[in-house]
Amino acid sequence: MTHENETTKGRPAVREAALFGSCPRCGAHTLFDGWIAFADRCEKCGLNYSRFNVGDGPAAFLTLGIGTIIVALALWLQLGFDPPWWLHVILWVPLTIIGVIVGLRATKAWLLVAEYSRRAEEHRHDGSDLS
């Protein structure tokens, strides 16, 4: 049932694009310019990434999700084993940073690719409904 037609040929799947930072149009790994910052455009096909508005939604949801997981694990560790405070620092600070960076990269890419595949763009008001 999943056959490629001319409009989707060469495009990566949403999960592939999110995991590898692939351009939603051509599949080149040019989506990011750094760890979590988008590039201005694809170096291979020229797709302008700045026209997509991913916003701060991924950061807010990741803060809540990863924060909940880390706090639950830290409470479990503290109540179950009563470790010294420095063990919490050694465990949770790096895990939080890694979780946020990896998660933010994946969710930002996923949202941009989803916007591209659904042709979602910011609304441009031309004033035609004003009298």
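Caption draft 1: The arrangement of the environment of leucine 95 in detail. Here leucine 95 lies in helix 3 (residues 85-117). The exposure class assigned to leucine 95 is partly exposed, which follows from its relative accessible area of 43%. Along the chain, leucine 95 and isoleucine 66 lie 29 residues apart, while their C-alpha atoms are 9.4 Å from each other.

Caption draft 2: The arrangement of the side chain of glutamate 115 in detail. Here glutamate 115 shows up in helix 3. We note that glutamate 115 is buried and unpaired, the nearest opposite charge coming from arginine 51 at a distance of 8.1 Å.

Caption draft 3: Structural context of helix 3. A rise of 1.5 Å per residue sets the reference length of helix 3, with its 33 residues, at 48 Å; its end C-alpha atoms lie 47 Å apart and thus fit the reference within 8%. Turning to helix 3, its buried residues number three or more, namely His88, Trp92, Gly103, Leu104, Lys108, Ala109, Leu112, Val113, Ala114, Glu115 and Tyr116. Buried-residue contacts for helix 3 involve helix 1 (14-20) and helix 2 (57-81). Once helix 3 finishes, arginine 119 follows within two positions and takes phi at roughly 55°, a positive value.

Caption draft 4: View of the nonpolar core. Core analysis: the largest hydrophobic core is formed by 14 residues, its most contacted members being Leu31, Cys42, Leu47, Tyr49 and Leu112. Considering every element that reaches this core, the biggest residue donor is helix 3, with three residues. Those residues within four positions of leucine 31 in sequence are excluded, and the remaining contacts are Gly21, Ser22, Ala37, Phe38, Ala39, Tyr49, Ala109 and Leu112. Grouped together as the second largest cluster of nonpolar side chains are seven residues, Ile66, Ala74, Leu77 and Leu104 included.

Caption draft 5: Here's a closer look at the packing of aromatic side chains. Using the criterion set out here, one finds three aromatic pairs in the structure. Judged by centre distance (5.3 Å) and plane angle (15°), the ring pair of phenylalanine 32 and phenylalanine 38 falls under stacked. Given a relative accessible area of 22%, phenylalanine 38 falls into the partly exposed group. Directly above the ring of phenylalanine 38 sits lysine 108, whose terminal nitrogen or CZ lies 4.9 Å from the centroid.

Caption draft 6: A look at the side chain of serine 22. Take serine 22: it is sitting in the loop between helix 1 and helix 2. Residue classification places serine 22 among the buried residues on the basis of a relative accessible area of 0%. Within the structure, the side chain of serine 22 is placed 3.3 Å from the side chain of histidine 29, a separation counted as a polar contact. In contact with serine 22, not counting residues within four places along its chain, are Pro12, Glu16, Ala17, Gly27, Ala28, His29, Leu31 and Val113.

About the criteria used
Residues numbered from 1 in each chain as written. Predicted model: local features only at pLDDT ≥ 70, side-chain atom pairs only at ≥ 80, totals over all residues. Heavy atoms only, no water. Helix = DSSP H or I, 4+ residues; strand = E, 2+ residues; numbered from the N terminus. Buried < 20%, exposed > 50% of the residue type's maximum accessible area, 1.4 Å probe, protein only. Lys, Arg positive; Asp, Glu negative; His and termini not counted. Salt bridge = Lys/Arg side-chain N within 4 Å of Asp/Glu carboxyl O. Expected span 1.5 Å × (residues − 1). Contact = heavy atoms within 4.5 Å. Core = buried A, V, L, I, M, F, W, Y, C linked by side-chain atoms within 4.5 Å. Phe/Tyr/Trp six-rings, centres within 6.5 Å; stacked < 30°, edge-to-face > 60°. Lys NZ or Arg CZ within 6 Å of the ring centre and 35° of its normal. Polar contact = N/O pair within 3.5 Å; in protein donor to acceptor, adjacent residues only side chain to side chain.

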